[in-house]
Amino acid sequence: MTIHAHALLFDNDGTLVYSLDSVERCWSRWAREYGITAEALRRVELHGRPAVDIVGDLLPARLVPEAVARVERLEVEDVPNGGVRLLPGTRDFLDSLPADRWAVVTSATRRLAEARLDAVGIRPKALVTADDITRGKPDPEPYLLAARQLGVDPARCVVLEDAPAGLRAGRAAGMTTVALATTHAAAELDADLVVRDLSALRALVTDGGVEISVRP
């Protein structure tokens with residue numbers, strides 16, 4: 001299968017980098033500080049959604065700004081403690097792409113996203129974070145904004161995601177979706193193509209865009 005695109009839009013956590021251990025560590029500590037039980041935390045979809053939406057599911061509205069700032073601080077401070085590492089294939093795949101052909105679209109805040117990306121040496125020309133939008137994934141707004149930043153028709157963009165919420169956002173934006181089975185089982189991922197991680201893909205840059213195919 002070959003997918004043709006003019007731009008590639010990458011989620012970050014679980015797609016380019018692995019940070020799940022850090023997420024679970026920090027959110028568990030945060031929950032204890034706010035008196036939220038482990039059972040209540042498990043009932044909320046943590047991965048692939050903005051912190052403000054997650055916190056809003058768990059706490060009264062008056063506490064949300066303070067609580068979001070607290071969990072952001074915990075996660076940023078955890079980055080140097082092994083809180084992030086590159087996933088297989090990330091470096092080679094990104095290095096094969098022109099800088100103006102791809103963007104990172106993350107549900108993290110800009111402060112947290114830049115901390116994690118800087119830690120592994122990824123510096124995207126275009127970066128969309130939770131601070132840039134009013135509606136987070138699974139709403140299509142983040143991916144539509146990234147397409148506008150790159151000046152590309154959404155229908156000619158490919159979304160690469162590991163989380164169901166992000167894949168729903170990509171489909172709602174009218175984009176082709178590629179799922180990476182890094183944090184969820186392949187059977188849980190509804191996408192045009194499902195692979196284990198970026199090491200399973202190769203990109204060929206042409207005059208007309210980028211061709212993505214599965215490595216033999």
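Rules used in this analysis
- Residues numbered from 1 in each chain as written.
- Predicted model: local features only at pLDDT ≥ 70, side-chain atom pairs only at ≥ 80, totals over all residues.
- Heavy atoms only, no water.
- Helix = DSSP H or I, 4+ residues; strand = E, 2+ residues; numbered from the N terminus.
- Buried < 20%, exposed > 50% of the residue type's maximum accessible area, 1.4 Å probe, protein only.
- Areas by Shrake-Rupley, 256 points an atom, 1.4 Å probe, with all protein chains shown as cover.
- Lys, Arg positive; Asp, Glu negative; His and termini not counted.
- Charge placed at Lys NZ, Arg CZ, Asp CG, Glu CD.
- Pairing = 2+ DSSP bridges.
- Right-handed = clockwise from strand over helix to strand, strands pointing away.
- Contact = heavy atoms within 4.5 Å.
- Axes fitted to C-alpha atoms, helices over the stretch in contact; angles between N-to-C directions.
- Polar contact = N/O pair within 3.5 Å; in protein donor to acceptor, adjacent residues only side chain to side chain.

Enquirer: Help me understand the overall build of the protein in this model?
Expert: When its secondary structure is counted, the protein shows 8 helices and 11 strands. A buried classification covers 54% of the 216 residues belonging to the protein. With the model as given, the accessible surface of the protein reaches about 9,700 Å², and the carbon-plus-sulfur share is 48%. Separation between the mean location of the 26 positive side-chain charges and that of the 32 negative ones in the protein comes to 2 Å.

Enquirer: Can you walk me through the pairing of strand S7 (residues 157–161) in this structure?
Expert: Side-chain positions along a regular strand alternate between the two faces of the sheet. Among the 5 residues that make up S7, 5 are buried, leaving the element largely enclosed by the rest of the structure. Examined bridge by bridge, strand S2 (residues 7–10) and S7 share 4 bridges and lie parallel to one another. What sits directly across from Ala7, in S7, is Cys157. With 4 bridges connecting them, S7 and strand S8 (residues 176–180) associate as parallel partners. Bridge assignment links Leu160 to a residue of S8, and that residue is Val178. Running through helix H8 (residues 164–172), the crossover from S7 to the neighbouring parallel element S8 is right-handed.

Enquirer: Mind showing me how you'd approach the sheet that holds S8 here?
Expert: Paired through their backbone hydrogen bonds, the strands of a sheet run either parallel or antiparallel. Spatially, the 6 strands line up as an open sheet ordered S6-S5-S2-S7-S8-S9, and their pairing is parallel. What marks the edges here is a single partner per strand, and that holds for strand S6 (127–128) and strand S9 (193–195). On the sheet, H8 packs against S7 and S8 and is oriented at approximately 170° with respect to S8.

Enquirer: For this particular structure, what's the right way to read the pairing of strand S11 (residues 209–214)?
Expert: Bridge count between strand S1 (residues 2–5) and S11: 4 bridges; the pairing is antiparallel. Within the sheet, the bridge partner assigned to Ile3 lies in S11 and is Ile212. As defined by bridge partners, strand S10 (residues 201–206) adjoins S11 across 6 bridges and the pair is classed as antiparallel. Within the sheet, the bridge partner assigned to Leu201 lies in S11 and is Val214. From the end of S10 to the start of S11, which pair antiparallel, there are 2 residues.

Enquirer: What is the right way to read unusual backbone geometry from this model?
Expert: Peptide bonds are mostly trans, and most non-glycine residues show a negative phi. Here the bond from Lys137 into Pro138 is cis, since omega is 15°, no more than 30 degrees from zero. By the element assignment, Pro138 lies in the loop between S6 and helix H7 (141–150).

Enquirer: I keep staring at the side chain of Arg70 and nothing clicks. Help me out?
Expert: Examined against the element boundaries, Arg70 turns out to sit in helix H4 (residues 64–78). The class for Arg70 is buried, based on a relative accessible area of 18%. In terms of polar contacts, Arg70 uses its side chain to reach the side chain of Glu33, at 2.8 Å. Residue contacts for Arg70: discarding those within four places in its chain leaves Arg29, Trp30, Glu33 and Tyr34.

Enquirer: How do you make sense of the sheet that holds S11 when you look at a structure like this?
Expert: Ordered by their spatial adjacency, 3 strands build an open sheet running S1-S11-S10, and the pairing between neighbours is antiparallel. The open sheet has two free edges, formed respectively by S1 and S10, since each of these has just one partner strand. Going from strand to strand, the sheet's axes swing by 20° on average, the running direction of each strand aside.

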